[in-house]
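Here is what each chain is made of, one letter per residue.
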Amino acid sequence: IASSPTLFPAPYVLEFQKCLDQSPTLPFDTIRGIIEAELGAPISEVFESLDPEPLASASIAQVHAAVLKPKYASGGDGKAVVKVLK
């Protein structure tokens, strides 16, 4: 519905579009658990920093700014965005 606005009544489209980019965020403790489970390591082992405040949150994921530790940065500045599925 959100991606086909000409096919549905405007009130429905407006509500469903909120699912694309205005969803509630998960608490950072939950996000930390998901990331550490996926990495198999503590966040502090992989990242210099990981912003607990999400850059964005949608219905299925939210993203956080991060800086990788030099050994994971592949020669770059280490800046990264971490996308976490909810």
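Residues numbered from 1 in each chain as written. Predicted model: local features only at pLDDT ≥ 70, side-chain atom pairs only at ≥ 80, totals over all residues. Heavy atoms only, no water.

1. Things to note about the environment of E45
For E45, the location among the structural elements is in helix α3 (residues 43-46). Judged by its relative accessible area of 42%, E45 falls in the partly exposed class. Those residues in contact with E45 that sit more than four places away from it in its chain are K69 and Y72. (Helix = DSSP H or I, 4+ residues; strand = E, 2+ residues; numbered from the N terminus. Buried < 20%, exposed > 50% of the residue type's maximum accessible area, 1.4 Å probe, protein only. Contact = heavy atoms within 4.5 Å.)

2. Observations regarding unusual backbone geometry
Its identity as a non-glycine residue notwithstanding, S74 has a phi of 50°, on the positive side. Tracing the backbone shows S74 in the loop between β3 (61-68) and β4 (79-85).

3. Here we look at the environment of I60
If you trace the backbone, I60 turns up in the loop between β2 (56-57) and β3. What makes I60 exposed here is its relative accessible area of 58%. For the pair I60 and L85, spaced 25 residues apart in the sequence, the C-alpha separation amounts to 5.7 Å. Beyond its immediate stretch of four places on either side in the chain, I60 contacts V84, L85 and K86.

4. Looking at the side chain of Q62
If you trace the backbone, Q62 turns up in strand β3. Accessibility expressed as a relative area gives 0% for Q62, which makes it buried. There is a polar contact of 3.1 Å between the side chain of Q62 and the side chain of H64. Those residues in contact with Q62, other than ones at most four positions away along the chain, are T25, L26, I31, P54, A56, S57, V82, K83, V84 and K86. (Polar contact = N/O pair within 3.5 Å; in protein donor to acceptor, adjacent residues only side chain to side chain.)

Don't take any of this as a statement about function, it's just geometry.
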